[in-house]
Amino acid sequence: MRIARFSIDGNVAFGAVEEDGTGGTAAGLVLDIIKGIPYNDFELSGTKVPLSKVRLLPPVLPNKVVGIGRNYAAHAAELGNEVPEKPVVFLKPTTSVIGSGDGVEYPSFSSDLHYEAELAVVIGRMCREVPRERVKDVIFGFTCANDVTARDAQRSENQWARAKGFDTSCPLGPWVETSIDLAAVSDGLAVQCTVNGEQRQLGSTRDMIRSVEDLVVHITEAMTLLPGDVIITGTPAGVGPLSVGDEVAVTIEGIGTLTNKVIKRG
């Protein structure tokens, strides 16, 4: 099931994304409004609105976004880095999160903004010190992410907080796909990024150095994850610069496409 969060006529709701029988294009999708919170047991209301009539919001409102750096060997190499012995973990604040269709504001302190297409894991229940065999039980689903990075700030500052945590630096969406399992991620989901329609990244989740299970175990040894928290799992090779006016799209097999335009901050 695909779960979206959206606004219509000033109201915010969650809905299940369904086809209306006209072919599955955006024009042929509807949202069946959910009763309750999707992390718990919920019912579909039967009240449906066309996807074309709503504004998609970030599919979740995370308490925190936990990022993983250098989780694809080819990406580490393209930036001149070694594969780390342990996962590189960083945090992106809630103020960095935007939805599909929202603008990525080019930060005033950077002149080298990069896209990073990533698979995002959405947590479905409060968890701490999760054993590997229980990881599947704490995952709500998966979505697309763009870990937008001020590369020059990342190079010059010892911490990545400003480089990866500035406002609008974490597009998520367009919705959460709950039917993908961990075996499918291990087998490999295609991860693609285009800029103005030109392909820049094409990788597979099978090439992640640390699996989703490894990451959840590692992270929850240190911190409690809450429903709606997000783990972004690293990016394949092919990262590169963005300019004001560029349209960047992240597509992940079996999930959908997250699209954002880079705008001038102001």
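Conventions we followed
- In every chain, residue numbers begin from 1 and rise along the written sequence.
- Local features in a predicted model are, by the rule used here, given only for residues with pLDDT of at least 70; side-chain atom pairs are given and counted only at 80 or more, and totals for whole chains, interfaces and linings are based on all residues.
- In computing side-chain properties, one takes all heavy atoms of the structure into account and sets aside hydrogens as well as water.
- Helix and strand assignments follow DSSP, with helices taken as H or I runs no shorter than four residues and strands as E runs no shorter than two, numbered in order from the N terminus.
- Only C-alpha atoms enter the radius of gyration, while the globule expectation follows 2.2 Å times N to the 0.38, with N the number of residues.
- Note on exposure labels: buried denotes an accessible area under 20% of the residue type's maximum, exposed denotes more than 50%, and partly exposed covers the range between, all computed with a 1.4 Å probe on protein chains only.
- The contact criterion used throughout is that any non-hydrogen atoms of two residues lie within 4.5 Å.
- Only four residue types enter the tally: Lys and Arg on the positive side, Asp and Glu on the negative side, with His and both chain ends excluded.
- Think of each charge as sitting on NZ of Lys, CZ of Arg, CG of Asp or CD of Glu.
- By this definition, two strands are paired if DSSP reports at least two bridges between them.
- To get an axis, fit a line to the C-alpha atoms, keeping to the stretch in contact for a helix; angles then go from 0 to 180 degrees between the N-to-C directions.
- By definition, disulfides here are pairs of cysteine sulfur atoms that lie within 2.5 Å.
- The salt bridge definition used is simple: a Lys or Arg side-chain nitrogen within 4 Å of an Asp or Glu carboxyl oxygen.
- Summarising the geometry, the arc corresponds to the directions from the helix axis toward the C-beta atoms.

**Q** Can you help me understand the overall build of the protein chain in this one?
**A** Looking only at helices and strands, one finds six helices and 20 strands in the protein chain. Here the C-alpha atoms of the protein chain give a radius of gyration of 18 Å, agreeing with the 18 Å that 2.2 N^0.38 yields for 266 residues. Across its three principal axes, the protein chain shows a C-alpha extent of roughly 50 × 45 × 30 Å. Burial status across the protein chain gives 53% buried among its 266 residues. Contacts spanning at least 24 positions in sequence make up 71% of the contacts within the protein chain whose residues lie at least 6 apart. Seen as two clouds, the 25 positive and the 34 negative side-chain charges of the protein chain have centres 4 Å apart.

**Q** Explain the sheet that holds strand 19 (residues 247-252) here, please?
**A** Adjacent strands of a sheet pair through backbone hydrogen bonds, lying either parallel or antiparallel. Across the sheet, five strands lie side by side as 9-20-19-15-16; this open sheet has mixed pairing. Looking at which strands have only one partner, the edges of the open sheet turn out to be strand 9 (103-106) and strand 16 (198-204). Sheet twist, expressed as the mean angle between neighbouring strand axes with direction ignored, is 20°. Judged from the four bridges that link them, strand 9 and strand 20 (residues 256-264) form a sheet pairing that is parallel. Considered in strand 20, the bridge of glycine 103 is made with lysine 261.

**Q** Explanation requested: the state of the cysteines in the structure shown.
**A** By definition, a disulfide links the sulfur atoms of two cysteine residues through a covalent bond. The full count for this structure, using the stated rule, is zero disulfides. Of the cysteine sulfurs around cysteine 127, a residue in no disulfide, the closest is that of cysteine 170, at 18 Å. Looking at cysteine 127, the relative accessible area reads 6%, which means it is buried. As a non-bridged cysteine, cysteine 193 has cysteine 144 as the owner of its nearest cysteine sulfur, 11 Å distant.

**Q** Is there a simple way to explain the pattern of salt bridges in this structure?
**A** Any two side chains of opposite charge can pair, on the condition that their charged atoms come close. Counted under the stated rule, the structure contains 15 salt bridges. Of the charged contacts in the structure, one is a salt bridge between glutamate 105 and arginine 265, with a shortest N-O distance of 3.8 Å. Taken together, the residues span a long stretch of sequence, with glutamate 105 in strand 9 and arginine 265 in the segment after strand 20 at a distance of 160 residues. By relative accessible area, glutamate 105 is classed as partly exposed at 22%. For arginine 265, a relative accessible area of 36% translates into the label partly exposed. Measuring nitrogen to oxygen at the nearest pair gives 3.4 Å for the salt bridge that ties glutamate 116 to lysine 164. Of the two residues, glutamate 116 sits in the loop between strand 10 (113-115) and strand 11 (117-123) while lysine 164 sits in helix 4 (residues 161-165), which places them 48 residues apart along the sequence. Neither residue differs from the other here; glutamate 116 and lysine 164 are each classed as buried. A cluster of three or more residues bridged by salt bridges with shared partners is formed by Lys92, Glu116, Asp147, Arg151 and Lys164.

**Q** Sorry, what's going on with helix 6 (residues 212-220) here?
**A** Along an α-helix, a turn takes 3.6 residues, which lines up residues three or four apart on a common side. Val212, Glu213, Leu215, Val216, Ile219 and Thr220 are the residues of helix 6 that are buried. Across the axial projection of helix 6, the buried residues extend over an arc of 165°, all falling on one side. Of the surrounding secondary structure, the elements contacted by the buried residues of helix 6 are strand 6 (65-69), strand 11, helix 2 (135-138), strand 12 (139-146), helix 5 (182-187) and strand 17 (230-232).

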